Amino acid sequence: KVIKSDGTILISWLIQALEAAVNEFDCDVINVSLGTTDDSEALRAAVNAVPDDVIMVAAAGNDGTAIYQYPAA
């Protein structure tokens, strides 16, 4: 879980989840069905660290705006 009870996405939890998906659970596919407008260098680094042979799908947003949503952005 990477979302607090108030709906806040914790970037540090998302990064830990991505790292665990790759390093602990050996996932072939990672689906991130959430988005945040917080642009984080640490999150970018975690996404870029996902190996090329792992498929990563991330939500681009569902609020009807053109604001970038991360990690999809």
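For the structure itself, look to the data block above.
Everything numeric here is computed off the predicted structure, so don't read it as measured data.

How each quantity is defined
- For every chain, the first residue of its written sequence is number 1, and the numbers climb from 1 along that sequence.
- Confidence filtering applies because this is a predicted model: local features only for residues at pLDDT of at least 70, side-chain atom pairs given and counted only at 80 or more, and all residues used for totals across whole chains, interfaces and linings.
- In computing side-chain values, all of the structure's heavy atoms are included and hydrogens and water are not.
- The helix and strand labels rest on DSSP assignments: H or I over at least four residues marks a helix, E over at least two residues marks a strand, and numbering proceeds from the N terminus.
- Atoms counted for the radius of gyration: C-alpha only. Globule rule: 2.2 Å times residue count to the power 0.38.
- The contact criterion used is simple: two residues touch if any of their non-hydrogen atoms lie within 4.5 Å.
- For salt bridges, the criterion is a side-chain nitrogen of Lys or Arg within 4 Å of an Asp or Glu carboxyl oxygen.
- Here's how the labels work: a residue is buried when its accessible area is under 20% of the maximum for its type, exposed when over 50%, partly exposed in between, all with a 1.4 Å probe on protein chains only.
- Any two strands are treated as partners once DSSP identifies two or more bridges connecting them.
- Crossover handedness is defined by viewing with both strands directed away from the observer: a clockwise path from the first strand over the helix to the second marks the crossover as right-handed.
- Think of a nonpolar core as a cluster: buried Ala, Val, Leu, Ile, Met, Phe, Trp, Tyr and Cys residues, connected wherever their side-chain atoms sit within 4.5 Å.

Some words on the overall build of the protein
Check the secondary structure of the protein and you find two helices and two strands. The helix and strand sequence of the protein, counted from the amino end, reads α-β-α-β. Its C-alpha atoms give the protein a radius of gyration of 12 Å, near enough to 11 Å, the size a compact globule of 73 residues would have. C-alpha atoms of the protein, sized along the principal axes, occupy 35 × 25 × 20 Å.

Observations regarding unusual backbone geometry
For residues besides glycine, phi is generally negative; the peptide bonds are generally trans as well. Residue Pro71 is bonded to the preceding Tyr70 through a cis peptide linkage, with omega at 15°. Along the chain, Pro71 turns up in the segment after strand 2 (55–58).

Quick look at the side chain of Thr36
Mapping Thr36 onto the fold places it in the loop between strand 1 (29–32) and helix 2 (41–48). Sequence-distant contacts of Thr36, that is, excluding residues within four places in its chain, are made with Ile9, Ile11, Tyr68, Gln69 and Tyr70.

A word on the pattern of salt bridges
In this structure the tally under the stated criterion is one salt bridge. Note that Asp39 and Arg44 form a salt bridge whose closest N and O atoms lie 2.7 Å from each other.

Some remarks on the pairing of strand 1
Along strand 1, the buried face is formed by Ile30 and Val32; none of Val29 and Asn31, which line the opposite face, is buried. Inspection of the sheet shows strand 1 paired to strand 2 by four bridges, in the parallel sense. Note on strand 2: the bridge partner recorded for Val29 is Ile55. Note on the crossover from strand 1 through helix 2 to strand 2: the handedness is right-handed.

Brief notes about the nonpolar core
Leu14, Leu18, Ile30, Val32, Leu34 and Leu43 are the most contacted members of the largest nonpolar core, which has 16 residues in total. Looking at this core, the elements with two or more residues in it are helix 1 (11–23), strand 1 and helix 2. Ranked by residues supplied to this core, first place goes to helix 1 with six residues. The contacts of Leu34, once residues within four sequence positions are left out, are Val2, Ile3, Ile9, Leu14, Ala59, Tyr70 and Pro71.

Focus: the side chain of Ser40
Along the polypeptide, Ser40 turns up in the loop between strand 1 and helix 2. Given a relative accessible area of 17%, Ser40 falls into the buried group.

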